[in-house]
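The primary structure of each chain is shown beneath.
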Amino acid sequence: MRGSLGLLFAATLPLLAQRGTGELRLAVRDPAGLPLQASVELTGHATQVRQAFPTSPDGRHTARALPFGRYSLRAERSGFAPWTGLVEIRSEVPLDYQVTLGVAPIETTVTITDSDTLVDPHRTGTVFYLGADSLRERRSSQPGRGVVDLVQTAPGWLLEANGVLHPRGAEYDTQYVIDGVPITDNRSPAFAPALDVDDFQSLNVFTANYPAEYGRKLGGVIEVNTTRDTRHGGHGRALFESGSFGALQSHVSGQYAAGRTIVGAGAQGARTDRFLDPPTAENLSNAGSGAGATARLERDFTDSDRLRLYVTTNRAGFLVPNEEEQEEAGQRQDRRNSETMGQLSYQRVFSPRWIGHARLMSRDLSARLWSNPLANPILAAQDRGFRETYSAATVSFHQGVHEIKAGVEAIFTSVHEDFSYRITRPAAFDGDVPRRFSFAGRRQGREQAAFLQDQIRAGNWTLSAGLRWDRYQFLVTDQAISPRLGLAYHFPSAGLVLRASYDRAFQTPAVENLLLASSTGAPVPPSRGDFYQAGFAKSLGGRLRLDANYFRRELRNFADDDVLLNTGVSFPIAFSGASIHGFEAKLEIPRWGPVSGYLSYANLAGIGRLPITGGLFLEQGSNELLTSTASFPITQDQRNTAAARFRYQLHPRAWASFGAWYGSGLPIELGESETSASPRILQRVNLARGRVRPSHSLDVSTGLDLWKHEQQSLRLQAEVLNLTNRFNVINFAGLFSGTALGTPRSFTLRLQTDF
């Protein structure tokens, strides 16, 4: 086995691309074929890409990390006739594209409308894109929640307590793909330092029709592309944000490009008096702060060879929010998270049809919890962490109607866990719960995977087909073969694309506290699932796009977690199984005159089946969960969720937006019969129905360009969130999430400059 793993690791070294993205290498020429510097605009309404840039003096520009799709391209220069055309990015192999500008008044323009890029006729599954404009004008967030607040705008994604994302009812099965590298541990603010949204170029979200190259976590996938600006010279960005609850956030980054080399660096910091979602309206003992830095180097040795190095380090520290009784007792519990990660990638274009990529990533993440002697009802301490090394090699091939990709992955993980507690108020626990407990564990894990996938375009039909093999070796040894299929048919005259897909999922257990959760009984096993989806994308009047999907998921060993009181520390579990189904729809207006925005709706129903494997259940009445065979609504079973945001361009330099969100309420969790919650919280819970009462929020924001010149700008943005000051309860006193309250009315002011 060691020899085969060594060969697998070695195979990754010579060969890596951003997953599902391509590259446009543009050259602008005059009628004589000489280089021409010009102003260019690249727009893709389906992918939320809108880039305006000048070509270099030699007439060239490279647009990188473009999601597959259709783009309108416009090039112009004084004294020449403007040129407009349609470009398709369908392969990871860079597309060399030449534009010739005719001498005015010769007309070489082709009429391109918004509807030409509104619907992707070859997309076999729904993907929701957030481009640079959406990221820049995003709604403000509590420190540590920038990414999760953006993702929850997509239908099917739900935020539970403390910023934990749940795609289509999944608890621990969200995968981030950062510049092509998969990150599968929990990225909520209670578990890991935040990713810096201001370092992103784009963010793509999907919950079905996964390519075979994706594995390990398939509840939902979030693709993040960090900044890839290829403009020559120096430029950068600085941001400062201040708001309610003493919130302060800042970001500064700079980049310099000369010749074939790009270097950049950035730093960010944040603090707040409301870091987690508190269990009481008084928001007791809830301060937090964080900081981080990044550095990158990119070098094109030739037109065919590219090397990229990316390094980031982040940390977060915060207090665990107290209940009133704990605050009176003088309890203080501290938590610290830190992460350092480095990525090295190499790309080789072998020919106009072949491209190879290799990537190596290593990261170290640690998390600590400690309590003072006045902790009540339990004095807990934790020191855990893991190191992960990831290597991958892929090769992509374009031939006729085929887009073929194959690759291998290897992951090496080293985990350590130290946890202990001492009960200080025995009446809060069952009599058989040990009054003292200590655990220490160390373990190494290995995972390997290989995949082959193809996308076939034949007329109006598109077929995506793939096969993936996974092997998992940690507390258990398991392997699986997972087929992936997707089919789309395009009706050009109707602006309609019909889609259907099937995904076999093999999902590994959460790594956080996995050793301890598996120490009291059987190890927490991997999850297996069958995911089905059918839907459509429709252009309406050439201005709007409607995406709608029906989905169904059948899972065995359904992953979830149980939380240690209000600490946010959780322990992975697996239910015997779960059945989840629902409907999602999103109506999007990319741009209709001065108006843009979206309206989304999701309906979800999920049933889980006991018994439970894993966890650390200390609360009263929890023992029966380990042997019961009952069924119950899963904790993310929110039947109706709706969201909207509409933006209006008041003036070329001023805009305003209105947003709204509604949730019909989560179920009250297992084991809940009575509680000491305050009357105000109990008013927001329907005990007879077994659900939290509906929540909603109304938000308003406005932005003003104080100064703008070419690529330089100074922008001011102000907003009010939860305008009506609605008292929202997110979760209520359950075994798996505890009590968590939503944020009351808050104000934010953001100043940003690009230079």
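Conventions used here
Residues numbered from 1 in each chain as written. Predicted model: local features only at pLDDT ≥ 70, side-chain atom pairs only at ≥ 80, totals over all residues. Heavy atoms only, no water. Helix = DSSP H or I, 4+ residues; strand = E, 2+ residues; numbered from the N terminus. Buried < 20%, exposed > 50% of the residue type's maximum accessible area, 1.4 Å probe, protein only. Areas by Shrake-Rupley, 256 points an atom, 1.4 Å probe, with all protein chains shown as cover. Lys, Arg positive; Asp, Glu negative; His and termini not counted. Charge placed at Lys NZ, Arg CZ, Asp CG, Glu CD. Salt bridge = Lys/Arg side-chain N within 4 Å of Asp/Glu carboxyl O. Polar contact = N/O pair within 3.5 Å; in protein donor to acceptor, adjacent residues only side chain to side chain. Pairing = 2+ DSSP bridges. Axes fitted to C-alpha atoms, helices over the stretch in contact; angles between N-to-C directions. Contact = heavy atoms within 4.5 Å. Patch = residues over 30% accessible without salt bridge, like charges linked within 9 Å, V, L, I, M, F, W, Y side chains within 5 Å. Phe/Tyr/Trp six-rings, centres within 6.5 Å; stacked < 30°, edge-to-face > 60°. Lys NZ or Arg CZ within 6 Å of the ring centre and 35° of its normal. Core = buried A, V, L, I, M, F, W, Y, C linked by side-chain atoms within 4.5 Å. pLDDT = per-residue confidence, 0-100.

Novice: Could you give an account of the overall build of the protein chain, naming the residues involved and the relevant values?
Specialist: Secondary structure assignment for the protein chain yields six helices and 41 strands. Across its three principal axes, the protein chain shows a C-alpha extent of roughly 90 × 60 × 45 Å. With 755 residues in all, the protein chain has 58% of them scored as buried. Total accessible area on the protein chain stands at roughly 28,600 Å², and carbon and sulfur atoms take up 57% of it. Computed over 79 positive and 75 negative side-chain charges, the separation of the two mean positions in the protein chain equals 3 Å.

Novice: A description of the pattern of salt bridges should follow, citing residues and the corresponding values.
Specialist: What the rule picks out here adds up to 53 salt bridges. With its nearest N and O atoms 2.7 Å apart, the salt bridge here joins R237 to D754. Note that R237 is positioned in strand β15 (residues 233-243) and D754 in strand β41 (residues 746-754), a separation of 517 residues in sequence. For D754, a relative accessible area of 13% puts it in the buried group. Two residues, D705 and R715, come together in a salt bridge whose shortest N-O distance is 3.1 Å. Of this pair, D705 sits in strand β37 (residues 695-709) while R715 sits in strand β38 (residues 712-721), and the two are 10 residues apart along the sequence. R715 shares its class with D705; the two are buried.

Novice: Outline the side chain of E447, supporting the account with residue identities and numerical values.
Specialist: With respect to the secondary-structure elements, E447 resides in strand β24 (residues 436-458). In this structure the side chain of E447 is engaged in a polar contact, spanning 3.1 Å, whose partner is the side chain of R216.

Novice: So what about the sheet that holds strand β1 (residues 21-29)? Which residues, and what values?
Specialist: Pairing is mixed across the open sheet formed by three strands, whose spatial order is β4-β1-β7. Sheet topology places β4 (60-67) and β7 (95-100) at the edges, where each strand pairs with a single neighbour. On average, each strand axis in the sheet is tilted by 25° relative to the strand beside it, whichever way the strands run.

Novice: Let's hear about the environment of R363: which residues, and what values?
Specialist: The topology assignment puts R363 in strand β21 (residues 354-371). Between the C-alpha atoms of R363 and T340, which are 23 residues apart in sequence, the distance is 5.5 Å. Those residues in contact with R363 that lie beyond four places of it in its chain are I183, T184, D185, R187, E339, T340, M341, F386, R387 and E388. A polar contact is formed between the side chain of R363 and the side chain of D185, at a distance of 2.4 Å.

Novice: Tell me about the sheet that holds strand β11 (residues 174-178), residues and numbers included.
Specialist: Strand order in the open sheet made by the five strands is β8-β13-β14-β11-β12, with mixed pairing throughout. Each edge of the open sheet is held by one strand with a lone partner, namely β8 (128-130) and β12 (181-183). Going across the sheet, the axis of each strand differs from the next one's by a mean of 20°, ignoring polarity.

Novice: Please provide a residue-by-residue account of a nonpolar patch on the surface, values included.
Specialist: On the surface, a cluster of nonpolar side chains totalling about 540 Å² of accessible area is made up of Y256, V263, L297, L309, V311, L344 and L360. Note on L344: relative accessible area 38%, which makes it partly exposed.

Novice: Let's hear about the packing of aromatic side chains: which residues, and what values?
Specialist: Any pair of aromatic rings gets described here by the distance separating the centres and the angle formed by the planes. A complete count under the given rule lists 13 aromatic pairs for this structure. Among the aromatic residues, those joined into a ring-pair cluster are F419, Y421, F437 and F571. One Lys or Arg, R274, reaches over the ring of F245 and ends 5.5 Å from the middle of that ring.

Novice: Tell me about the nonpolar core, and please be specific about residues and values.
Specialist: Counting residues in hydrophobic clusters, the biggest one holds 30 residues, and the most contacted among them are I378, F419, Y421, L564, F571 and L618. Those elements that provide at least two residues to this core are β21, β22 (378-399), β23 (402-423), α5 (514-517) and β30 (570-592). For Y421, the contacting residues outside a window of four places in its chain are I378, L379, A380, V433, P434, R435, R436, F437 and L618.

Novice: I'd love a proper account of the environment of E409, names of residues and values included.
Specialist: Tracing the backbone shows E409 in strand β23. Since its relative accessible area comes to 6%, E409 is described here as buried. Within the structure, E409 has its side chain in polar contact with the side chain of R468 (distance 2.9 Å).

Novice: Talk me through the pairing of β23; I want residue IDs and the actual numbers.
Specialist: Pairing geometry for β22 and β23, over 22 bridges, is antiparallel. In the sheet register, A381 faces β23, and the bridge partner there is S420. Connecting β22 to the next strand, β23, in antiparallel fashion are two residues, including G400 with a positive phi near 60°. Inspection of the sheet shows β23 paired to β24 by 21 bridges, in the antiparallel sense. Residue pairing in the sheet places K405 in a bridge with Q453 of β24.

Novice: Tell me what's going on with the pairing of β22, and back it up with residues and numbers.
Specialist: As defined by bridge partners, β21 adjoins β22 across 16 bridges and the pair is classed as antiparallel. Following the sheet pairing, I355 is matched in β22 by S396. Linking β21 back to β22 in an antiparallel pair, the connection comprises six residues.

Novice: Residue-level account of unusual backbone geometry, with values.
Specialist: With an omega dihedral of 15°, the bond running from N376 to P377 counts as a cis peptide bond. Positionally, P377 belongs in the loop between β21 and β22. Look at the link from L610 to P611: it is a cis peptide, with omega at 15°. Within the fold, P611 resides in strand β31 (residues 595-614). A positive phi angle is found at N162, which is not glycine, with a value near 60°. Looking at where N162 falls in the secondary structure, it is placed in the loop between β9 (157-160) and β10 (164-167).

Novice: Got a sec to walk through the confidence of the model for the protein chain? Specific residues and values, please.
Specialist: Here the protein chain averages 88 in pLDDT, and 93% of its residues register 70 or above. For the stretch residues 1-18, pLDDT sits under 50, and the model shows 48 contacts to residues farther than four places along the chain or on other chains. Segment residues 670-674 is flagged for pLDDT under 50; beyond a separation of four residues in sequence, or across chains, it makes eight contacts in the model.

Novice: Go over the side chain of R216 with me, naming the residues and quoting the values.
Specialist: Its place among the elements puts R216 in the loop between β13 (200-206) and β14 (220-226). Taking the relative accessible area as the measure of exposure, R216 reaches 8% and is therefore buried. Side chain to side chain, R216 and T184 meet in a polar contact 3.3 Å long. Those residues within four positions of R216 in sequence are excluded, and the remaining contacts are T184, E388, I411, E447, F506, Q507 and T508.

Novice: How would you sum up the environment of S519? Please name residues and give values.
Specialist: Looking at the secondary structure, you find S519 in the loop between α5 and β28 (527-540). Considered as a pair, S519 and F439 are 80 residues apart in the sequence and their alpha carbons are 9.0 Å apart. Looking at S519, its side chain comes within polar contact range of the main-chain oxygen of L516, at 2.7 Å.

Novice: Which residues make up a negative patch on the surface, and what are the values?
Specialist: On the surface, E282, E323, E324, E327 and E328 cluster together into a negatively charged patch. E327 sits in the partly exposed class, given a relative accessible area of 37%.

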